[in-house]
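Analysis of the macromolecular model
Read off the chains here:
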Amino acid sequence: MARPITPLLSRERIFAAALAQVDATGTLALPRLARDLGVSTSSLYHHVKGGREEVVEGIRGLLTEGSMPTSRHEGEGWREFTHRWAVQYRAAFAAHPAAVPLMTAQTVTHPATLASYELLAEVLHEAGFGDEELLHAVTVLDCFVLGSALDAGAPVDVWADTGLPGSRLSRAVRATRLQPGDRSLRSFQLGLRSLLAGLDELRTGHPPAAAGRS
């Protein structure tokens, strides 16, 4: 029998099918992935010799390539760049929140993803973050963005309204329901502003000036 002109498998097809499996089930199982693709597990490993870890990094690449910043705009300050980096990063993962636990369970090795983190580190270093605090700053940003991406997949009501009179949390739940737009996105925007202000304090060693004071 003649060999097919178009290969049955490609790395791109494997990674796309893996992401679809994670979106649908919240897990990644290579035997099931092989069945979904209509091939044997051994055929799958022929294309991804690193197995599960390589597939996870392939998913990471699908989410981050073309989504995370790869350059700095002319005249863009460190806060503006970091804000843009975080917004684009969250948007990529908020569309696939079930993939977040997979991403955080192993070391980042995908080249394009690493390049975007490298750019962030360069921008923060130029802004005055020393080696002692730079990785901590990147880690805090990473944790916040990925946590917010998980929150994007959470129920609309994260906390139940107990209905108890005087419950401050329940009052806040009801008030938030009346606000327009995406609750998770609003929380992210509020948190990002606060985080950037805190990083600025770490960078300078001085707390930001109080509003209305010189």
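So, here's what we can say about the structure. Residue positions are counted from 1 within each chain, in the order its sequence is given. In keeping with the model being predicted, local features are shown solely for residues with a pLDDT of at least 70 and side-chain atom pairs are shown and tallied solely at 80 or more, while totals for entire chains, interfaces and linings include all residues. For side-chain calculations, the full set of non-hydrogen atoms in the structure is used, while hydrogens and water are omitted.

Now for the overall build of the chain. Secondary structure is summarised from DSSP: a helix means a run of H or I of at least four residues, a strand means a run of E of at least two, and numbering begins at the N terminus for each. Secondary structure assignment for the chain yields 10 helices and 0 strands. Reading the secondary structure of the chain in the N-to-C direction produces α-α-α-α-α-α-α-α-α-α. This radius of gyration counts C-alpha atoms alone. The globule rule is 2.2 Å times how many residues there are, raised to the power 0.38. Taken over C-alpha atoms, the radius of gyration comes to 21 Å for the chain, far larger than the 17 Å a tight globule of 214 residues would show. When accessible area is computed with a 1.4 Å probe and restricted to protein chains, residues below 20% of their type maximum are described as buried, those above 50% as exposed, and intermediate ones as partly exposed. Looking at the chain residue by residue over its 214 residues, the buried ones come to 36%. Residue burial considers only the protein chains on display, and all accessible areas are found by Shrake-Rupley using a 1.4 Å probe. Working note: accessible area of the chain is about 12600 Å², and carbon and sulfur atoms make up 58% of it.

Before going further, it helps to spend a moment on the layout of surface pockets. Taken as a whole, the largest pocket encloses approximately 320 Å³ of empty space. The distinction between a cavity and a pocket rests on a 1 Å grid over the protein atoms alone: a 1.4 Å probe fits inside a cavity but cannot get out, while a pocket stays open yet meets protein on both sides within 12 Å along at least five of seven lines, and a residue with an atom within 4 Å of a point counts as lining. In terms of lining, the largest pocket is formed by 19 residues, of which the most central are Val156, Asp157, Val158, Thr176 and Arg183. When residues of the lining of the largest pocket are traced back to their parent elements, those giving at least two are helix 8 (131-152), helix 9 (168-177) and helix 10 (183-204). The element that contributes the greatest number of residues to the lining of the largest pocket is helix 9, accounting for 5 residues. The nonpolar class holds Ala, Val, Leu, Ile, Met, Phe, Trp, Tyr, Cys and Pro. Asp, Glu, Lys and Arg form the charged class, and all remaining residues, Gly among them, are polar. Class assignment for the residues of the lining of the largest pocket results in 9 nonpolar, 4 polar and 6 charged. Approximately 260 Å³ is the volume found for the second largest pocket. In terms of lining, the second largest pocket is formed by 16 residues, of which the most central are Val108, Tyr117, Val138, Thr139 and Asp142. Counting only elements with at least two residues in the lining of the second largest pocket, the list comes to helix 6 (100-104), helix 7 (111-127) and helix 8. A total of 7 residues in the lining of the second largest pocket trace back to one element, the largest contributor, which is helix 8. Grid points are joined across faces, edges and corners, and a volume is the space filled by probe spheres set on the points.

What follows deals with helix 7. In this model, helix 7 (17 residues) spans 24 Å end to end at C-alpha, consistent with the 24 Å of a helix rising 1.5 Å per residue. Residues of helix 7 that are buried include every one of Thr113, Ser116, Tyr117, Leu119, Leu120, Ala121, Val123, Leu124 and Ala127, and no others. Should any heavy atoms of two residues lie within 4.5 Å, those residues are considered in contact. The secondary structure elements touched by the buried residues of helix 7 are helix 4 (51-64), helix 5 (78-94), helix 8 and helix 10. Just beyond helix 7, the residue with positive phi is Gly128, at close to 120 degrees. Multiply 1.5 Å by the residue count of a helix minus one, and that product is the helix's expected span.

What follows covers the environment of Gln189. Note that Gln189 resides in helix 10. For Gln189, a relative accessible area of 39% translates into the label partly exposed. For the pair formed by Gln189 and Leu37, sequence separation is 152 residues and the distance between their alpha carbons is 39 Å.

Below, the discussion takes up the packing of helix 7 against helix 8. A fitted line through C-alpha atoms serves as each axis, taken over the contacting stretch for helices, and the angle formed by two N-to-C directions is quoted from 0 to 180°. Contact geometry for helix 7 and helix 8: axes closest at 10 Å, N-to-C directions at 125 degrees. With respect to each other, helix 7 and helix 8 are oriented oblique. Regarding helix 7 and helix 8, the two cross each other, and that crossing is right-handed. On helix 8, the residues touching Tyr117, Leu120, Ala121, Leu124 and His125 of helix 7 are Leu134, Ala137, Val138, Leu141 and Asp142. Its residues assigned to classes, the contact of helix 7 with helix 8 shows 8 nonpolar, 1 polar and 1 charged. Between 65 and 115 degrees an angle is taken as roughly perpendicular, under 35 as roughly parallel, over 145 as roughly antiparallel, and anywhere else as oblique. Working rule for handedness: look at the near helix, and if it is turned counterclockwise from the far one by less than a right angle, call the crossing left-handed; if clockwise, right-handed.

It is worth spelling out the environment of His110 at this point. Tracing the backbone shows His110 in the loop between helix 6 and helix 7. Looking at His110, the relative accessible area reads 13%, which means it is buried. Spatially, the C-alpha atoms of His110 and Phe93 are 15 Å apart, while their sequence positions differ by 17 residues.

Bear in mind that shape data such as this cannot, by itself, settle questions of function.
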